[in-house]
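One letter stands for each residue in the lines below.
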Amino acid sequence: MVARPLIGISTYLEPGARWGVWELEAALLPAGYPRLVRRAGGLAVMLPPDAPERAAETVARLDGLVVAGGPDVDPARYGAERDPRTGPPARERDAWELALIEAALHARVPLLGICRGMQLLNVALGGTLVQHLDGHAEVVGVFGHHPVKPVPGTLYAAAVPEESQVPTYHHQSVDRLGTGLVPSAHAPDGTVEALELPPAEDGGWVLGVQWHPEMGEDVRVMAALVRAAEGSGPTA
């Protein structure tokens, strides 16, 4: 039996979550993420925040990595003053996920950043963020939809070649691109909605999307990660 690729997904660490009679600190992940991994043909494993020095050992056990959505990246990470509309920092999560991204890039483990994950990928490679953007999160706590148009010849366009509607909820976006990154999809207002590292001659698969594929029915982006992971990591 061929082993399915093992896809690690970063998680939230919340100070208090309630289930049954309990209210305790918990590592949480919206169920849409592991469901999407399973629908795309992979095995999902949750990666709760840990010490950054353990990231390389963690990534070494994986065939692919997803950096999930979540809170705003601390502006100090990209040398900016905090905008009043930027959310409170999640410094431990920033440190852990930046270490995961660095480890995945070094080990050439396929990487997909989703929303915050895409922004953090950009920051990890020296890019910056727009701290507030109108029109991409219309109602608090409700996902909206808008079209994104792929850039021909990119990894994203290979997975989704046509313009498509995507589930979206974000108020920040990419400003200056990180080293080596190229845009691979745009919103109608010009916002970079996907970015990636062009594959090197010896392979590599690194993509970030600003929207939330786990909240929709289209599995193609995650399926592309799973296909890349089939030829990578410890099961290769």
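Conventions used here
- Residues numbered from 1 in each chain as written.
- Predicted model: local features only at pLDDT ≥ 70, side-chain atom pairs only at ≥ 80, totals over all residues.
- Heavy atoms only, no water.
- Helix = DSSP H or I, 4+ residues; strand = E, 2+ residues; numbered from the N terminus.
- Buried < 20%, exposed > 50% of the residue type's maximum accessible area, 1.4 Å probe, protein only.
- Contact = heavy atoms within 4.5 Å.
- Areas by Shrake-Rupley, 256 points an atom, 1.4 Å probe, with all protein chains shown as cover.
- Phe/Tyr/Trp six-rings, centres within 6.5 Å; stacked < 30°, edge-to-face > 60°.
- Lys NZ or Arg CZ within 6 Å of the ring centre and 35° of its normal.

Now for the overall build of the protein. Each helix and strand counted, the protein has six helices and 13 strands in total. In terms of principal-axis extent, the alpha carbons of the protein reach across some 50 × 50 × 35 Å. Burial statistics for the protein: of 236 residues in total, 49% are counted as buried. Nonlocal contacts in the protein, meaning residues at least 24 apart in sequence, comprise 68% of its contacts between residues at least 6 apart. Total accessible area on the protein stands at roughly 11300 Å², and carbon and sulfur atoms take up 55% of it.

What follows is about the packing of aromatic side chains. Tallied over the entire structure, the rule returns two aromatic pairs. Relative to Tyr 169, the ring of Phe 143 has its centre 5.8 Å away and its plane inclined at 55°; by these criteria the two rings are tilted. You can see Phe 143 sitting in the loop between β7 (129-130) and β8 (144-150) and its partner Tyr 169 sitting in the loop between β9 (164-168) and β10 (173-174), a full 26 residues away along the chain. Classification of Phe 143 by relative accessible area gives partly exposed; the value is 32%. Ring plane angle 70° and centroid distance 5.4 Å describe the contact between Tyr 156 and Trp 211, whose orientation is recorded as edge-to-face. One end of the pair, Tyr 156, is in helix α5 (residues 155-159); the other, Trp 211, is in the loop between β13 (206-209) and α6 (220-230), with 55 residues separating them in the sequence. A relative accessible area of 1% places Tyr 156 in the buried class. Note that Arg 93 overlies the ring of Tyr 12, its terminal NZ or CZ placed 4.6 Å from the centroid.

Next up on the list: the side chain of Asp 94. With respect to the helices, strands and loops of the structure, Asp 94 is situated in helix α3 (residues 91-107). If we skip the residues at most four places from it in the chain, Asp 94 touches Val 73, Asp 74, Arg 77, Arg 116 and Leu 120.

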